[in-house]
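These are the residues of each chain, in order.
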Amino acid sequence: MSDVSGRFVLAAAAAVFLATASLASAVAGAGAAAAAHDYGDALHKSLLYFEAQRSGRLPYNQRVRWRGHSGLTDGLEQGVDLVGGYYDAGDHVKFGLPMAFTVTLLSWGVLEYGVPAAGELGHALRAIKWGTDYFVKAHTAPTELWTQVGDGDSDHYCWQRPEDMTTSRRAYKVDAENPGSEVAAETAAAMAAASLVFRGADDHYAHLLLHHAQQLFEFADKYRGRYDESVEVVKNYYPSSSGYYDELLWAALWLHRATGHRSYLEYAIANAEEFGGTGWAVKEFSWDIKYAGLQVLASELT
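What you are looking at is a predicted structure, and each value in this text was computed from that prediction instead of being measured.

Please provide a residue-by-residue account of helix H8 (residues 203–222), values included.
Here H8 contains 20 residues, and its C-alpha end-to-end distance of 28 Å stays within 8% of the 28 Å for a straight helix at 1.5 Å per residue. Within H8 the residues assigned to the buried category are Tyr205, Ala206, Leu209, Leu210, His212, Ala213, Leu216, Phe217, Phe219 and Ala220. Looking at the buried positions of H8, the neighbouring elements they touch are helix H5 (121–138), strand S2 (144–149), strand S3 (171–175), helix H7 (181–198), helix H10 (245–259) and helix H11 (262–271).

Listed below in structure tokens is the structure:
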């Protein structure tokens, strides 16, 4: 897909999940009389979407049976294991920034509203973990994060199934010499939020995610730079129009929530005005612009 609406499907699906979880929770609390729409079924279908977008070796309990293993050599050319994660929209490219935002919103939805639809909590947790397992692989050093697999230009000329694709699977990264504060900070936010989801259920995994989140935030803040200038092939697809200040604030608040460390809150407070976090002319909340979301997180602190 080359049109704008087609590019943002993965992140938009996470927003749908967040909204649907909220509605399902409200309806569950209001009783049967309020259930004019079947939000439980909508929640079920939104989670099925993420299973259809899975890349890598699929598990035995995969519910979308028409999908098969794909992308099993991702990262091989670069000597890293980048198998897994999610494809973007109808593409076969794995774009790190919208994928990380997707996992952050999935985690936020579970934390805020739970998953009231019967039997869906496990599927929601597996959807989150499918993303975070990939991020753990992609974060190969404290200041190195692989942010993209595949090429959007050649991919848009390909109408093969991902199981049969023959397009480029080249991988791209950001590091200290070629920084990418947006994608590193958003991935930190995703891992911090997910660590809260798994806390109590799998403390070892939660600790692992939090460790990566803290390293990634430090990397994003210390080596500041736009990721679409370091990974130029992303400019036609996910350019960062808002810059990286919003992601730095967003990640700091998620890390404060996950760790309780006041240093992250103090970072957000000290930089809020300079980084644009106190402005109210917020027109959207998206994979690119996080100000509305971080203002919601900040409001919950008071």
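From this point, the narrative continues.
An account of the packing of H5 against H8 is requested, with residue identities and associated values reported.
Running from amino to carboxyl end, H5 crosses H8 at an angle of 55°, the nearest separation of the two axes being 11 Å. One way to sum up the angle between H5 and H8 is to call them oblique. Seen along the crossing, H5 lies across H8 with a hand that is left-handed. Residues Lys129, Thr132, Asp133 and Val136 of H5 lie in contact with H8, whose contacting residues are Tyr205, Leu208, Leu209 and His212.

Hey, could you go over H11 for me, with residue numbers and the actual values?
For H11, the complete set of buried residues consists of Tyr264, Leu265, Tyr267, Ala268 and Asn271. Along the axis of H11, the buried residues cluster in a sector spanning 155°; they form a single face. What points out from H11, more than 90 degrees from its buried face, is the exposed set Arg262, Ile269 and Ala270. Against the buried residues of H11 lie H8, H10 and helix H12 (291–301).

So what's going on with the environment of Pro179? Which residues, and what values?
With respect to the element layout, Pro179 can be found in the loop between S3 and H7. Residue Pro179 is classed as buried on the basis of its relative accessible area, which comes to 15%. Beyond its immediate chain neighbours, meaning those up to four positions away, Pro179 contacts Val174, Tyr223, Arg224, Gly225, Arg226, Tyr227 and Ser230.

I'd like a rundown of the packing of helix H4 (residues 96–113) against H5, residues and numbers included.
Any two packed helices are characterised by how steeply their axes cross, that is the angle between the axes, and by the distance between the axes. It is at 10 Å that the axes of H4 and H5 come closest, and there the two elements cross at 145°. For the element pair H4 and H5, the recorded crossing hand is left-handed. Where H4 abuts H5, its residues Met99, Ala100, Val103, Leu106, Ser107 and Val110 lie against Leu121, Ala124, Ala127, Ile128, Gly131, Thr132, Tyr134 and Phe135. Residues of the contact of H4 with H5, tallied by class, amount to 11 nonpolar, three polar and no charged.

Can you lay out the pairing of S3 for me, pointing to particular residues and giving the numbers?
With respect to burial, S3 is a largely interior element, four of its five residues being buried. Examined bridge by bridge, S2 and S3 share five bridges and lie antiparallel to one another. Paired with Val149 across the strands is Ala171, a residue of S3.

Conventions and cut-offs
Residues numbered from 1 in each chain as written. Predicted model: local features only at pLDDT ≥ 70, side-chain atom pairs only at ≥ 80, totals over all residues. Heavy atoms only, no water. Helix = DSSP H or I, 4+ residues; strand = E, 2+ residues; numbered from the N terminus. Expected span 1.5 Å × (residues − 1). Buried < 20%, exposed > 50% of the residue type's maximum accessible area, 1.4 Å probe, protein only. Contact = heavy atoms within 4.5 Å. Axes fitted to C-alpha atoms, helices over the stretch in contact; angles between N-to-C directions. Parallel < 35°, antiparallel > 145°, perpendicular 65-115°, else oblique. Left-handed = near helix turned anticlockwise from the far one by under 90°. Arc of directions from axis to C-beta. Nonpolar A, V, L, I, M, F, W, Y, C, P; charged D, E, K, R; others polar. Pairing = 2+ DSSP bridges.

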